[in-house]
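Single-letter residue listing:
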Amino acid sequence: EEENNLMAETRTVHVVPTTGGWMMEEEGGGSPSSSVFSTKAEAMTSAHELVEGHPWARVLVHRADGSVESESWRGRTLHSVLD
């Protein structure tokens, strides 16, 4: 039950490549919010700033094929696969 509560309280943000650059999408709430950036670095910085200070948060960075390149929980990288 505690694990279910943790996942329900987790703020999740995805960084996804798009035609015009990199999109940052936040999950949850009534409607997901998103922003587009010129570079992957800009989108990642914005995603980490968005979750900063949240008690449970993760940032997922995706490749063009949709697979996860890296996953960070509260700023600590748990999984990273280099191209």
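Whatever comes next refers back to the structure up there.
All values derive from a computational prediction rather than experimental measurement.

**Some words on the nonpolar core**
One recurring pattern in soluble globular proteins is that nonpolar side chains are buried together.
Right, on to step 1. Val-13, Val-15, Trp-22, Met-24, Phe-37, Ala-43, Ala-47, Val-51, Ala-57, Val-59 and Val-61 form the largest nonpolar core, which has eleven residues in total.
Right, on to step 2. Those elements that place two or more of their residues in this core are strand E1 (11-18), strand E2 (21-26), helix H2 (40-51) and strand E4 (57-62).
Right, on to step 3. Setting aside its immediate chain neighbours within four residues, Trp-22 contacts Val-15, Val-16, Pro-17, Ser-35, Val-36, Phe-37, Ser-38, Thr-39, Lys-40, Ala-43 and His-62.

**Re H2**
Right, on to step 1. The first and last C-alpha atoms of H2 sit 17 Å apart over twelve residues, in line with the 16 Å expected at 1.5 Å per residue.
Right, on to step 2. Among the residues of H2, those classed as buried are Ala-43, Ser-46, Ala-47 and Val-51. With its buried residues spanning 125° around the axis, H2 presents them on a single face. Within H2, the exposed residues directed more than 90 degrees away from the buried face are Ala-41 and Glu-49.
Right, on to step 3. Positioned one or two residues after H2, Gly-53 has a phi angle of 85°, which is positive.

Rules used throughout
Residues numbered from 1 in each chain as written. Predicted model: local features only at pLDDT ≥ 70, side-chain atom pairs only at ≥ 80, totals over all residues. Heavy atoms only, no water. Core = buried A, V, L, I, M, F, W, Y, C linked by side-chain atoms within 4.5 Å. Buried < 20%, exposed > 50% of the residue type's maximum accessible area, 1.4 Å probe, protein only. Helix = DSSP H or I, 4+ residues; strand = E, 2+ residues; numbered from the N terminus. Contact = heavy atoms within 4.5 Å. Expected span 1.5 Å × (residues − 1). Arc of directions from axis to C-beta.

Purely spatial values, then, with no claim about function.
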